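# Chains, contacts and geometry: an overview
Residues per chain are reported as follows:
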Amino acid sequence: MMRLPPYARDLPDALNRQKTAPEVTILVGADAWHSAKFHHAKLVLPPGEDVGAFRWPVHGVDVLVIQKGAFPVEQLPRFAYLLLTAGANAVRVLPEDSGLIVYHKALARSAA
């Protein structure tokens, strides 16, 4: 059985406190733990863990994935796909070395 990522237990309360459309920030990379201190509705992919090792509770929300430190960027499209198939409305990815990339549900449907 897949496990929940860190901070998942706090996520419902954090989302209820948001005054705008629900959005979850997922921090990835070597500095993800440190950066998590500065975000409210957040999840963390622990450094060195596979994106597929977790059950991502993102159904019905928008997701922003932020790279903080070293991370294998070739995993980002797969991660976006996993988040979309978990029910995210849209996934925005912000790698450290390039601009914002946006993935929509059509990606998950076309890859199925």
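Cut-offs applied
- Residues numbered from 1 in each chain as written.
- Predicted model: local features only at pLDDT ≥ 70, side-chain atom pairs only at ≥ 80, totals over all residues.
- Heavy atoms only, no water.
- Salt bridge = Lys/Arg side-chain N within 4 Å of Asp/Glu carboxyl O.
- Helix = DSSP H or I, 4+ residues; strand = E, 2+ residues; numbered from the N terminus.
- Contact = heavy atoms within 4.5 Å.
- Buried < 20%, exposed > 50% of the residue type's maximum accessible area, 1.4 Å probe, protein only.
- Arc of directions from axis to C-beta.
- Patch = residues over 30% accessible without salt bridge, like charges linked within 9 Å, V, L, I, M, F, W, Y side chains within 5 Å.
- Areas by Shrake-Rupley, 256 points an atom, 1.4 Å probe, with all protein chains shown as cover.
- Core = buried A, V, L, I, M, F, W, Y, C linked by side-chain atoms within 4.5 Å.
- Pairing = 2+ DSSP bridges.
- Axes fitted to C-alpha atoms, helices over the stretch in contact; angles between N-to-C directions.
- Right-handed = clockwise from strand over helix to strand, strands pointing away.

Glancing now at the pattern of salt bridges. Pairs can form between side chains of opposite charge whenever their charged atoms are close. Scanning the entire structure with this criterion turns up three salt bridges. Ionic pairing is found between Arg 3 and Glu 49, a salt bridge with its closest N-O pair at 2.8 Å. Residue Arg 3 is located in the segment before α1 (11–17), and its partner Glu 49 is located in the loop between β2 (42–44) and β3 (62–67); the two are separated by 46 residues in the primary sequence. Arg 92 serves as the salt-bridge partner of Glu 23, at 1.9 Å between the closest nitrogen and oxygen.

Mapped onto the fold, Leu 15 is located in helix α1. Put simply, Leu 15 and Val 65 are 50 residues apart on the chain and 16 Å apart in space, counted from C-alpha to C-alpha. Residues within four places of Leu 15 in sequence aside, it is in contact with Pro 22, Glu 23, Val 24, Ala 41 and Val 61.

Another point: helix α3 (residues 76–85). For α3, every residue scored as buried is listed here: Leu 76, Phe 79, Ala 80, Leu 83 and Leu 84. Viewed end-on, α3 has its buried residues packed into an arc of 135°, placing them on one side of the element. One or two steps after α3, the chain reaches Gly 87, where phi turns positive at roughly 110°.

On the surface, a cluster of nonpolar side chains totalling about 230 Å² of accessible area is made up of Leu 94, Leu 100 and Val 102. Taking relative accessible area as the criterion, Val 102 reaches 42% and is therefore assigned partly exposed.

With 27 residues, the main nonpolar core has Ile 26, Trp 56, Val 58, Val 63, Val 65, Leu 83 and Val 91 as its most contacted residues. For this core, the secondary structure elements donating two or more residues are α1, β1 (23–28), β3, α3 and β4 (90–94). Formed by six residues, the second largest nonpolar core is a distinct cluster that contains Ala 32, Ala 36, Val 44 and Leu 64.

Our next topic: the side chain of Thr 25. Mapped onto the elements of the fold, Thr 25 is located in strand β1. Excluding residues that lie within four positions of it along the chain, Thr 25 makes contacts with His 39, Ala 41, Lys 42, Leu 43, Leu 64 and Ile 66.

The next subject is the sheet that holds strand β5 (residues 101–104). As summarised here, the arrangement of the five strands in space is β2-β1-β3-β4-β5, forming an open sheet in which the pairing is mixed. Two strands bound the open sheet, and with one partner strand each, they are β2 and β5. Taking each pair of neighbouring strands and ignoring which way they run, the sheet shows an average axis angle of 20°. Here β1 pairs with β3 via six bridges, running parallel. What sits directly across from Val 24, in β3, is Val 63.

By the bridge criterion, five bridges tie β3 to β4 in an arrangement that is parallel. Bridge pairing in β4 links Val 65 to Val 93. Handedness of the crossover is the feature at issue here: the chain leaves β3, passes through α3, returns alongside β4, and the resulting connection is right-handed. Examined bridge by bridge, β4 and β5 share four bridges and lie antiparallel to one another. Within the sheet, the bridge partner assigned to Ala 90 lies in β5 and is His 104. The loop that links β4 with its antiparallel partner β5 comprises six residues.

These figures come from the coordinates and say nothing about function on their own.
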